[in-house]
Amino acid sequence: MKPDDRTSPTGRVGQVKEVTSLANPIIKDIRALTQKKARDESGTFLAEGLKLVIDALDLGWTIRTLVYAKAAKGKAVVDEVAAKTVARGGLVLEVSEKVIATVTRRDNPQMVVGIFDQRYRSLKDVTPQKGETYVALDRVRDPGNLGTIIRTADAAGAAGVILVGETTDPFSLETVRATMGSVFAMPVTRASAAEFLAWSRGSGAQVVATHLAGAVDYRTIDYRARPTVLLMGNEQAGLPEDLAKGADRLARIPQAGRADSLNLAIATGIMLFEARRHLLSLEPAP
């Protein structure tokens, strides 16, 4: 293993242990992270797969535990990730495939799993700048929708995702899977509806909300002059009146078929790429 160029935030070096028993208390604690209560109490979450673990480490996320199956031992990239975990004060567990299968609860479990500290950006630290686009989601319920939106926001070059009200957990196993690693690249903020409205009034950004009562074609809005916050409603109920009234523009996506609505993640993707169309190019950035 190669030593990592970063030091542990605690100033201590981690450990490496071999675990074969499903009754091991550390394994029980890790398995509990599939439940929101355990994630909330510990402030940590699970990320499955070597790519996600590498992405998180590269972006400076704090790793608490690395778990890998014995079959993965000896692979250079796995050894390197293990070395980084130890150097940063984390615990490395080498486990049997039976044990790792119970951690991920999948028919085809990943051979590498990381446990990371959760990370939220404070709303007071969000100061929209020219050319930036944020996505605000009101009470999003579906983990797959949220994960897909975080991934899409990352792909479109958005500056962050703001979760408004009681939403699904961005660090649930299902959401993290759906982000395909973008959860580590996309800043996530939480706020109540009242906090969001107060912030938006002083943010300097225009709030463009999708709404069935919207009279404006989303393609006709000027997204260049000011930073933009795209406000998207709940999957079933849409936007409540207070949030709709707080928006600068109410927009609609024209539809021609029999379907009376779009999936939230699809609608958000359409809005995002239109809002950022003037900033996106197939040419590589200089």
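This write-up is about the structure you can find in this document. None of these values were measured; they are calculated from a predicted model. (Residues numbered from 1 in each chain as written. Predicted model: local features only at pLDDT ≥ 70, side-chain atom pairs only at ≥ 80, totals over all residues. Heavy atoms only, no water.)

Before going further, it helps to examine the sheet that holds strand β5 (residues 112–117). Read from one edge of the open sheet, five strands run β1-β4-β3-β5-β2, paired in mixed fashion. At either margin of the open sheet sits one strand with a lone partner, and together these are β1 (15–19) and β2 (44–48). Going across the sheet, the axis of each strand differs from the next one's by a mean of 20 degrees, ignoring polarity. Note that β1 and strand β4 (residues 91–95) share five bridges and pair parallel. In the sheet register, V19 faces β4, and the bridge partner there is V95. Across the face of the sheet, helix α4 (residues 76–87) comes into contact with β1, β3 (63–69), β4 and β5 while running at roughly 150 degrees to β3. (Pairing = 2+ DSSP bridges. Helix = DSSP H or I, 4+ residues; strand = E, 2+ residues; numbered from the N terminus. Axes fitted to C-alpha atoms, helices over the stretch in contact; angles between N-to-C directions. Contact = heavy atoms within 4.5 Å.)

A few words now on the pairing of β4. Counting buried positions along β4 gives five out of five residues, so the element sits mostly inside the fold. Across the two faces of β4 the burial is the same, with L91, L93 and V95 and V92 and E94 all buried. With five bridges connecting them, β3 and β4 associate as parallel partners. For Y68, the partnering residue across the bridge sits in β4 and is E94. (Buried < 20%, exposed > 50% of the residue type's maximum accessible area, 1.4 Å probe, protein only.)

Okay, the environment of R190 next. By the secondary structure assignment, R190 is in strand β8 (residues 188–191). On the basis of relative accessible area, R190 is assigned to the exposed category, the value being 52%. Between the C-alpha atom of R190 and that of G204, which follows or precedes it by 14 residues, the distance is 19 Å. In contact with R190, other than residues within four places in its own chain, are Y120, R121 and L163.

Interpretation in functional terms is not warranted from these geometric data alone.
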